[in-house]
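# A look at the structure
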Amino acid sequence: MNKKQNILIIGAGLCGSLLALRLGQRGYNVSVYEMRPDLRKVDISAGRSINLAFSNRGNKAMKLVDIEDKVKAICIPMTGRMIHDKEGNAFLSNYSGRDHEYINSVSRGELNALLLDEAEKHENVSIYFNKKCKSVNFKKTTALFKDYETKSDFVEDADVIIATDGAGSAMRKSYYLGKTFLFSFSQDYLTHGYKELSILPTETGDYKTYKNALHIWPRGTFMLIALPNLDGSFTVTLFLSYDDGAYNFNNLTTPEIVSEFFQKEFPDALQLMPNLVKDFFNNPTAPLGTVKCSPWHYKGNTLLMGDSAHAIVPFYGQGMNASFEDVVEFDAVLDQNLENWEAVFKAYEKNRKKDTDAIADLAIDNFHEMKDHVANPIFQEKRKLEMALEKSFPDEYSSKYSLVTFNENIGYREAMLKGRAQDKAILNMLTDKELSITHDMTKDALKVILEKVKTATQDILEEDKIAGLKKS
Ligand code: FAD
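Note on numbering: residues in each chain are counted from 1, in written sequence order. In keeping with the predicted nature of the model, local features appear solely for residues at pLDDT of at least 70, side-chain atom pairs appear and are counted solely at 80 or more, and the whole-chain, interface and lining totals rest on all residues. The side-chain numbers reported here are obtained from all heavy atoms of the structure, hydrogens and water having been left aside.

## A short note on the overall build of the protein chain
- A tally of regular secondary structure across the protein chain gives 15 helices and 19 strands.
- Along the three orthogonal principal directions, the C-alpha set of the protein chain runs to about 65 × 55 × 40 Å.
- Pairs of residues are marked as contacts when any of their non-hydrogen atoms sit within 4.5 Å. A fraction of 70% describes how many contacts in the protein chain between residues 6 or more apart in sequence connect residues 24 or more apart.
- Under the convention used here, Asp and Glu are negative, Lys and Arg are positive, and both His and the chain ends fall outside the count. Each charge is placed at NZ for Lys, CZ for Arg, CG for Asp and CD for Glu. The average position of the 59 basic charges and that of the 66 acidic charges among the side chains of the protein chain differ by 4 Å. Only DSSP runs of H or I covering at least 4 residues are called helices, and only runs of E covering at least 2 are called strands; the numbering of each starts at the N terminus.

Laid out in structure tokens, this is it:
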């Protein structure tokens, strides 16, 4: 395919700016249209979630575009989950038994700005701000925009349009409303929403609590989490039902009720948040949902990528990482030199969709795990065992979390199937008291357990395979 072709990208968020950078590096003529002002020039909130957990799959994309070191410079390593109970006790549960495996907290705004800077270094990449896409004519490969500066509408055409305009994608809407081809679409909201709060730095600019962890206050049906920022603050997120339970977003209506709720459920966090009430009433409450759809492309004209194709709930910390991995996968298909864009889009979707469906499902599972299971003794026992197995047999064992988060060489689907089978195997054995775990287990004793877990996992995978074959 001719490199001088014009590619129009809708949305200069995390996925769109990375895609522009990569296609720019490959020599395409790239125009990006973003509805918001340039976040490097105007002080706008970065949008939803001020900071994000960034991990191996995202980093693989940064390696591809050669900015790994620049991203590392704006990352704060988080080696584990710091679990806070109601009595104010806290304990750290590492993410992995291998010391080199950790996740990072990164500012959405800073990462987006870096990607935009890097993309704009290429003279074949142009980025236009304050241009909102209203609809896409996917048959003609044209997009209609509203220019917020001139207040007028205009149409752009291109050889190919790729929409990276997030969960509320305008192009996805055009697919849906167009009724021209069989477009499947689902959007499932959780009954929980989220609200961002903050723990500000001390007067000397220090962190008020342990910096290198993702803090969680799990409370069964709701939870609070906090991720560190470079300026000494933490961005705190409350995940809570809209209308269920004694306290919910609909009844937290006065400063007194909000303070009472935090005093009762998160007393140690409240001590760090004198600004709680102000944050609570200044910041919006937003919903959380999963979007699945197919096909992502219309012939060789248009393609959905990132959240526009597969928005997920944030509980695996993988939405951005998955969107970055999309670009890596797309790039690999371009390397195959297929005959036309339609073949490229088809091959990309065929390979990718099973993995984005898997991470969508895993993210829902982790919602329950984070708010509830992490505080459950059998889950904690399983976690301890998995940490010991990873530490003693780093090349032989990886937990589901490690497979999803740290093993960027396998797809999400493979990670999900193996990880779920392992979880089931270990939980069965712990529940049936087939495993007795002590703090001072020898490597030989752990080896016996490892072999048991491997055999049971294999059996479950076989059973799942047979069940799957029977279903189809
Ligand atoms: P977006 O980042 O949404 O970017 C879309 C861009 O398109 C924006 O710049 C927007 O302004 C622009 N746009 C939208 N509509 C139009 C239009 N009509 N015309 C022109 N431009 C348009 N992921 C992780 O990996 N780790 C995490 O820890 C994590 N935490 C999260 C926490 C929360 C509370 C939420 C909600 C999400 C979280 N995510 C996380 C997911 C992550 O935010 C998304 O997966 C990621 O932002 C997707 O990137 P994107 O570029 O596809 O979409």
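## A word on the packing of helix α14 (residues 412–431) against helix α15 (residues 443–471)
- Under this scheme, a helix contributes an axis fitted over its contacting stretch, all axes are lines through C-alpha atoms, and angles between N-to-C directions fall in the 0 to 180 degree range. Contact pair α14 / α15: the axes reach a minimum separation of 8 Å and the direction vectors enclose 120°. Here α14 lies oblique to α15, going by the angle between them. Crossing of α14 over α15 shows right-handed handedness. Contacts between α14 and α15 involve L417, K418, A421, Q422, K424, A425, I426 and M429 from the first element and K452, V453, A456, T457, I460 and L461 from the second.
- Per-class residue counts for the contact of α14 with α15 are nine nonpolar, two polar and three charged. If an angle is under 35 degrees, it is roughly parallel; if it is over 145, roughly antiparallel; if it lies from 65 to 115, roughly perpendicular; otherwise it is oblique. If you view the pair so one helix is near and one far, a crossing is left-handed when the near helix is turned anticlockwise from the far one by less than a right angle, and right-handed when it is turned clockwise. Only Asp, Glu, Lys and Arg are considered charged, only Ala, Val, Leu, Ile, Met, Phe, Trp, Tyr, Cys and Pro nonpolar, and every remaining residue, Gly among them, polar.

## Digging into the site of the ligand
- Working definition: residue near molecule or strand if any one of its non-hydrogen atoms lies within 4 Å of it. In the vicinity of the ligand there are 32 residues, among which E34, R36, A53, R108 and D307 approach most closely.
- The contact in question runs from an oxygen atom of the ligand to an N or O atom on the side chain of E34, over 2.6 Å.
- For the ligand, the accessible surface in isolation is 990 Å², of which the surrounding protein chains cover 90%.
- Of all the elements in the fold, those that place two or more residues in the shell around the ligand are α1 (14–25), β3 (51–54), β9 (131–137) and α10 (319–334).
- Considering every element that reaches the shell around the ligand, the biggest residue donor is α10, with four residues. Two N or O atoms form a polar contact when they lie within 3.5 Å of each other; inside protein one atom must be a possible hydrogen donor and the other a possible acceptor, and for residues adjacent in sequence the pair counts only when both atoms belong to side chains. Residue-level accessible areas treat just the shown protein chains as cover; the underlying method is Shrake-Rupley with a 1.4 Å probe.

## Comments concerning the side chain of H192
- The residue H192 is located in strand β13 (residues 184–199) in this model.
- Only protein chains enter the accessibility calculation, which uses a 1.4 Å probe. A residue is then buried if its area is under 20% of the maximum for its type, exposed if over 50%, and partly exposed in between. Judged by relative accessible area, which is 8%, H192 ranks as buried.
- Within the local environment of H192, its side chain forms a polar contact with the side chain of T191, the two groups lying 3.5 Å apart.
- A polar atom in the side chain of H192 sits 2.6 Å from the backbone oxygen of T221.
- Ignoring anything within four residues of it in the chain, the contact list for H192 reads T221, F222, F239, L240, S241, Y242, L288 and F367.

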